Amino acid sequence: INFVAGQIRDLADNLNQTGADSFTLAESGPVDVSELIEVRYGTALVNRRLRMIVFSGTITNTSDKILNGPIQLTWQNIAPSHIEPLNADGETDAGDPYFDIEVAGGVLLPGETSVPRYFALRNVTLESYYFDSITYADSISELQGSGEQVSLPSQRSDFHHPTNRFYVNNDGLMPTF
């Protein structure tokens, strides 16, 4: 972004000084990066006796931007209401559970995938449920360097849906349509 200022006052209160400069705006956290990533959840394992479901998940940076950590995955619109995440790292101000996602070196570079994270939840009725996955990073940076093309992952998980909404039944994870 370039700017030019006219009729500004300096520290000595002199008028009509002009200035010009350029700078880059950077979004600073938390920033919703859901459109820049792909969330993949693995097949769910169901413990009918404990009414617990466990599955793994990863986040892949599908953009040409650097996602600076910490990275958090938030589950919103969990339904039905009795679904209880068991290992969330905290809750947002809105009461949605969030999970810290481990990334090497504190950043997720273009094409990189996070360390797998395990998720556990209680479902007392073992009925189908769903949630929306929203991902936040502390900030987004532009890739600096040689201008070399970055190869981004193109394959999608069988359980991935572009809107990041997931429907789960007691046989495993299925996308909603």
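Quick caveat: nothing in here was measured; it's all calculated off a predicted structure. (Residues numbered from 1 in each chain as written. Predicted model: local features only at pLDDT ≥ 70, side-chain atom pairs only at ≥ 80, totals over all residues. Heavy atoms only, no water.)

A.B. asks: Help me understand the pairing of strand E10 (residues 97-101) in this model?
C.D. replies: The side chains of a regular strand alternate between both faces of the sheet. E10 sits mainly inside the fold: four of its five residues count as buried. With two bridges joining them, strand E9 (residues 90-91) and E10 adopt antiparallel strand pairing. Counterpart to glutamate 91 in the pairing with E10 is proline 97. (Buried < 20%, exposed > 50% of the residue type's maximum accessible area, 1.4 Å probe, protein only. Helix = DSSP H or I, 4+ residues; strand = E, 2+ residues; numbered from the N terminus. Pairing = 2+ DSSP bridges.)

A.B. asks: How do you make sense of the pattern of salt bridges when you look at a structure like this?
C.D. replies: A side chain of one charge can pair with a side chain of the opposite charge if their charged atoms are brought near each other. Under the definition given, this model contains five salt bridges. Where glutamate 38 meets arginine 40, a salt bridge forms, and the shortest distance between an N and an O atom there is 2.7 Å. A relative accessible area of 22% places arginine 40 in the partly exposed class. Between arginine 122 and glutamate 84 there is a salt bridge; the shortest N-O distance is 4.0 Å. Residue arginine 122 is located in strand E12 (residues 117-122), and its partner glutamate 84 is located in strand E8 (residues 84-85); the two are separated by 38 residues in the primary sequence. Here arginine 122 falls in the partly exposed class, since its relative accessible area comes to 29%. Several salt bridges converge on common partners, so that one network encompasses Asp64, Lys65 and Glu142. (Salt bridge = Lys/Arg side-chain N within 4 Å of Asp/Glu carboxyl O.)

A.B. asks: Hey, could you run me through the pairing of strand E7 (residues 65-79) in this one?
C.D. replies: Both E7 and strand E13 (residues 129-142) contribute to a ladder of eleven bridges, which runs antiparallel. Within E13, the residue paired with isoleucine 71 across the bridge is alanine 137. The sheet contact formed by E7 and strand E11 (residues 107-108) spans two bridges and is antiparallel. By the bridge assignment for E11, leucine 67 is matched with leucine 108.

A.B. asks: Would you mind going over unusual backbone geometry with me for this structure?
C.D. replies: Following glycine 69, the chain continues to proline 70 via a peptide bond in cis, the omega torsion being 5°. By secondary structure assignment, the location of proline 70 is in strand E7. Cis geometry is adopted by the peptide bond preceding proline 80, which originates at alanine 79 and carries an omega value of -5°. Structurally, proline 80 is set in the loop between E7 and E8.

A.B. asks: Could you clarify how one ought to interpret the packing of aromatic side chains in this entry?
C.D. replies: Working definition: an aromatic ring pair is given by the centre-to-centre distance plus the angle between the planes. Applying the stated criterion across every chain, the model contains ten aromatic pairs. Each ring, one from tyrosine 41 and one from phenylalanine 131, has its centre 5.6 Å from the other, and the planes form 90°; the classification is edge-to-face. In this pair, tyrosine 41 is assigned in strand E4 (residues 37-41) and phenylalanine 131 in strand E13, connecting sequence segments 90 residues apart. What makes tyrosine 41 buried here is its relative accessible area of 2%. (Phe/Tyr/Trp six-rings, centres within 6.5 Å; stacked < 30°, edge-to-face > 60°.)

A.B. asks: Can you walk me through the environment of aspartate 89 in this structure?
C.D. replies: Looking at the secondary structure, you find aspartate 89 in the loop between E8 and E9. As for aspartate 89 and isoleucine 101, which are separated by twelve residues in sequence, their C-alpha atoms are 9.8 Å apart. Setting aside its immediate chain neighbours within four residues, aspartate 89 contacts Tyr98, Phe99, Asp100 and Arg117. A distance of 2.6 Å separates the side chain of aspartate 89 from the backbone nitrogen of aspartate 100, its partner in a polar contact. (Contact = heavy atoms within 4.5 Å. Polar contact = N/O pair within 3.5 Å; in protein donor to acceptor, adjacent residues only side chain to side chain.)

Such coordinate-based values are descriptive only and should not be taken to indicate function.
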